[in-house]
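# Working through the structure, step by step
Letter by letter, the chains look like this.
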Amino acid sequence: MLGFKASSFTTLIVGVFVAYVLHTCWVMYGIVYTKPCASPKTQRCIKPYLAGNPSIQLSIYTSTKSSVTDGANLNLMLNIEHFNVNSKFERDINVSLPKKTRSNGTLYTHLFLHHAGILPWHDSKHVYATGHLTTYMIPKPEEVNLITGETNSQETVTNAETKVPDQPVVHWRSRLTINIMADNFTFDGSALPADVHRYLKLMQHGKTVQYLPILFVDELSNRVRDLKIINATSFTLPLTISYDAISLGKLRFWTHMQEAVFSLQQFGFTEKDVDEVKGIFVDTNLYFLALTFFVAAFHLLFDFLAFKNDITFWRRKKNMVGMSTKAVLWRCFSTIVVFLFLLDEQTSLLVLIPAGIGAVIEVWKVKKAFKMTVKWHGLKPIFQFGTFDESEKKTEEYDTQAMKFLSYILYPLCFGGAVYSLLNMKYKSWYSWLINSLVNGVYAFGFLFMLPQLFVNYKLKSVAHLPWKAFMYKAFNTFIDDVFAFIITMPTSHRLACFRDDVVFLVYLYQRWLYPVDKTRINEYGESYDEKETKGKLHKE
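Remember, predicted model here, so these are calculated numbers, not experimental data.

### Description of the sheet that holds strand β5 (residues 108-115)
- If you trace the four strands from one edge of the open sheet to the other, you get β3-β2-β5-β6, paired in antiparallel fashion. Each edge of the open sheet carries a strand with a single partner, namely β3 (75-80) and β6 (127-132). Each neighbouring strand pair of the sheet contributes to a mean axis angle of 20 degrees, computed without reference to strand direction.
- Pairing of β5 with β6 involves six bridges; the strand directions are antiparallel. By the bridge assignment for β6, phenylalanine 112 is matched with tyrosine 128.

Next up, the structure:
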């Protein structure tokens with residue numbers, strides 16, 4: 001009965017996963033593909049105004065006000081006459097900052113696409129869009145060399161307000177990305193997509209209806225790395241204005257993603273948290289992004305299955321015969337170090353929360369491995385450890401022997417890495433240096449702590465005590481991560497490092513082939529193969 005329920009639950013989860021992937025594919029297809037008007041000569045079709053090749057002009061202004069109706073309180077920043085919507089360009093200009101902005105205020109940009117030779121607010125056919133040139137974020141603390149005391153080369157904050165590390169201050173967005181939908185696309189007026197309809201400005205031209213150019217300010221391209229702190233002495237700051245035409249499919253996709261990012265901000269996510277999500281879309285090719293979605297979906301499925309089987313294995317485990325307690329303890333330590341590192345770096349909650357949950361699970365596994373119980377006498381906890389039988393003591397002896405051999409290599413490497421980090425790197429504090437040194441050691445040499453388990457398997461000539469289902473799912477995820485590390489641009493040394501865990505896992509597979517399961521041997525749950533088969537038949541009945 002228990003086996004049937006577990007199998008049904010896994011089947012249900014896999015079924016939900018497949019339905020989710022298919023539904024997402026259908027939704028994405030509906031976003032990227034828009035059905036054109038079937039009969040362009042009918043009155044219900046909406047044609048592009050740009051098809052007539054009008055002489056248009058692009059004017060970009062700045063203002064401390066979020067909306068404008070005329071030229072009051074506007075400062076011209078860039079003006080391009082006889083603007084060609086199909087010509088990509090990038091301009092570097094210097095923008096004068098008003099006193100209100102230098103005093104921790106907001107600065108907006110107002111963009112107009114209008115007929116050449118006419119002021120935008122005098123042109124009834126102008127197109128208007130607005131965006132932010134500033135944002136608010138907690139400033140990053142200065143990093144210093146812990147030996148020499150030298151600070152980093154980042155801009156020094158001189159404004160008294162920005163010296164408070166826990167208060168958001170105004171930052172300058174050094175990039176402004178603009179797009180215009182230049183496709184000669186004819187919409188069906190009876191089936192206009194809702195995400196496009198709000199951007200359309202329609203006009204009557206004789207017996208036909210036309211839509212003016214769609215002007216779009218790309219907020220996803222505003223990254224944290226491009227931000228600069230604005231202080232009282234910042235009278236002018238550089239701004240890079242980038243323009244490129246955009247297809248209808250990408251425009252619709254981009255608007256949906258921009259709304260999703262805005263929703264994260266409404267739920268309380270910081271600029272740094274949202275930047276992690278922006279990087280997924282901005283720094284990745286759309287086709288590669290689609291592939292990443294499928295890989296991430298399967299990664300999530302394998303994560304869940306590995307989590308489920310790992311928890312089931314450890315819940316049922318009665319002894320530590322054949323299991324390396326040092327490896328369990330190391331995994332707990334390394335997971336906590338990685339979590340503290342992510343916490344110190346103020347990593348996105350999307351990454352921090354799963355890392356924290358993983359750390360809690362590893363602590364629970366250590367408690368199970370060492371048979372630890374906690375009893376409370378008032379507010380004072382008392383820790384008690386269970387006893388090990390002879391088989392477990394033999395395993396512990398092999399485990400200790402393996403760690404002794406491993407320490408001859410591991411300790412000098414970790415010590416040397418810490419000294420190098422101390423002399424050459426810059427950190428915010430000694431705590432940051434300690435956490436960074438530990439996490440670098442975990443990433444660089446963590447795979448070595450998989451070796452004691454191999455040594456224990458070799459001495460016992462058995463692998464029946466290992467959670468093979470969880471191993472397989474984790475190996476699939478590792479393989480997926482490694483393939484992506486090989487595909488994308490990364491140094492060769494990093495690519496080779498990514499495959500170390502796979503090499504160790506292949507050795508595990510070799511040991512599984514070398515030491516076949518003995519059906520008369522008592523397994524990790526304290527029962528033989530014949531007893532397990534008998535219980536399985538009783539459950540089915």
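### Some remarks on unusual backbone geometry
- At asparagine 104, a residue that is not glycine, the phi angle is positive and equals roughly 70 degrees.
- Position of asparagine 104 among the secondary structure elements: in the loop between α2 (99-102) and β5.
- With a relative accessible area of 24%, asparagine 104 lands in the partly exposed category.
- Although it is not a glycine, lysine 461 adopts a positive phi angle of roughly 55 degrees.
- Note that lysine 461 resides in the loop between α11 (451-460) and α12 (468-487).
- On the accessibility criterion, lysine 461 (46% relative accessible area) is partly exposed.

### What to know about a nonpolar patch on the surface
- Taken together, the side chains of Trp26, Val27, Tyr29 and Tyr33 present a nonpolar region at the surface, about 480 Å² in accessible area.
- Its place among the elements puts tyrosine 33 in the loop between α1 (2-32) and β1 (45-48).

### Focus: the sheet that holds strand β11 (residues 202-205)
- Within the open sheet, the four strands sit side by side as β10-β1-β12-β11. Their pairing is mixed. For this open sheet the edge positions go to β10 (187-188) and β11, each flanked by a neighbour on one side alone.
- Bridge count between β1 and β10: two bridges; the pairing is antiparallel. What sits directly across from isoleucine 46, in β10, is phenylalanine 187.

### Details of the nonpolar core
- Counting residues in hydrophobic clusters, the biggest one holds 34 residues, and the most contacted among them are Ile60, Phe83, Trp172, Leu239 and Ile241.
- Considering each element in turn, this core owes the most residues, four residues, to strand β15 (residues 236-246).
- Setting aside anything within four residues of it in sequence, one finds leucine 239 in contact with Met77, Arg91, Asp92, Ile93, Val95, Leu133, Trp172, Arg173, Ser174, Arg175 and Leu176.
- Ranked by size, the runner-up nonpolar core spans 23 residues in total, among them Tyr211, Phe216, Leu251 and Phe253.

### Some details on the packing of aromatic side chains
- For the structure shown, the criterion picks out 17 aromatic pairs.
- Geometrically, the ring pair formed by tyrosine 61 and phenylalanine 112 is edge-to-face, given 5.8 Å between the ring centres and 80 degrees between the ring planes. Here tyrosine 61, found in strand β2 (residues 56-63), pairs with phenylalanine 112, found in strand β5; they are 51 residues apart in sequence, far enough to count as distant. Across the pair, phenylalanine 112 and tyrosine 61 agree in class, each one buried.
- Summarising the aromatic geometry, the rings of tyrosine 510 and tryptophan 513 are spaced 5.8 Å apart at their centres and angled 35 degrees between planes, so their arrangement reads as tilted. Remark: tryptophan 513 and tyrosine 510 occur in helix α14 (residues 500-514); sequence separation between them is three residues, near one turn of the helix.
- One aromatic cluster in this structure is built from Tyr61, Phe112, Trp121 and Tyr128.

### Regarding the side chain of glutamine 511
- Here glutamine 511 is to be found in helix α14.
- Each residue touching glutamine 511, except ones within four places of it in the same chain, is listed here: Leu454, Asn457, Tyr458 and Val463.

### So, the pattern of salt bridges
- Inspection of the entire model under this criterion finds seven salt bridges.
- Between arginine 175 and glutamate 90 there is a salt bridge, and its shortest N-O distance comes to 3.4 Å. Of this pair, arginine 175 sits in strand β9 (residues 175-181) while glutamate 90 sits in strand β4 (residues 89-96); the two residues are 85 residues apart in sequence, bridging distant segments of the chain.
- A residue is classified by how much of its surface remains accessible, and arginine 175, at 27% relative accessible area, is partly exposed.
- Between lysine 371 and glutamate 392 there is a salt bridge, with the nearest N and O atoms lying 3.0 Å from each other. Here lysine 371 is found in the loop between α8 (349-369) and β16 (372-377), whereas its partner glutamate 392 is found in helix α9 (residues 390-424), with 21 residues between them in sequence.
- When its relative accessible area of 26% is taken as the criterion, lysine 371 is described as partly exposed.
- In this structure glutamate 392 comes out as buried when scored by relative accessible area, which is 2%.

So, how was this worked out
Residues numbered from 1 in each chain as written. Predicted model: local features only at pLDDT ≥ 70, side-chain atom pairs only at ≥ 80, totals over all residues. Heavy atoms only, no water. Pairing = 2+ DSSP bridges. Helix = DSSP H or I, 4+ residues; strand = E, 2+ residues; numbered from the N terminus. Axes fitted to C-alpha atoms, helices over the stretch in contact; angles between N-to-C directions. Buried < 20%, exposed > 50% of the residue type's maximum accessible area, 1.4 Å probe, protein only. Patch = residues over 30% accessible without salt bridge, like charges linked within 9 Å, V, L, I, M, F, W, Y side chains within 5 Å. Areas by Shrake-Rupley, 256 points an atom, 1.4 Å probe, with all protein chains shown as cover. Salt bridge = Lys/Arg side-chain N within 4 Å of Asp/Glu carboxyl O. Core = buried A, V, L, I, M, F, W, Y, C linked by side-chain atoms within 4.5 Å. Contact = heavy atoms within 4.5 Å. Phe/Tyr/Trp six-rings, centres within 6.5 Å; stacked < 30°, edge-to-face > 60°.

Just geometry here; none of it tells us what the structure is for.
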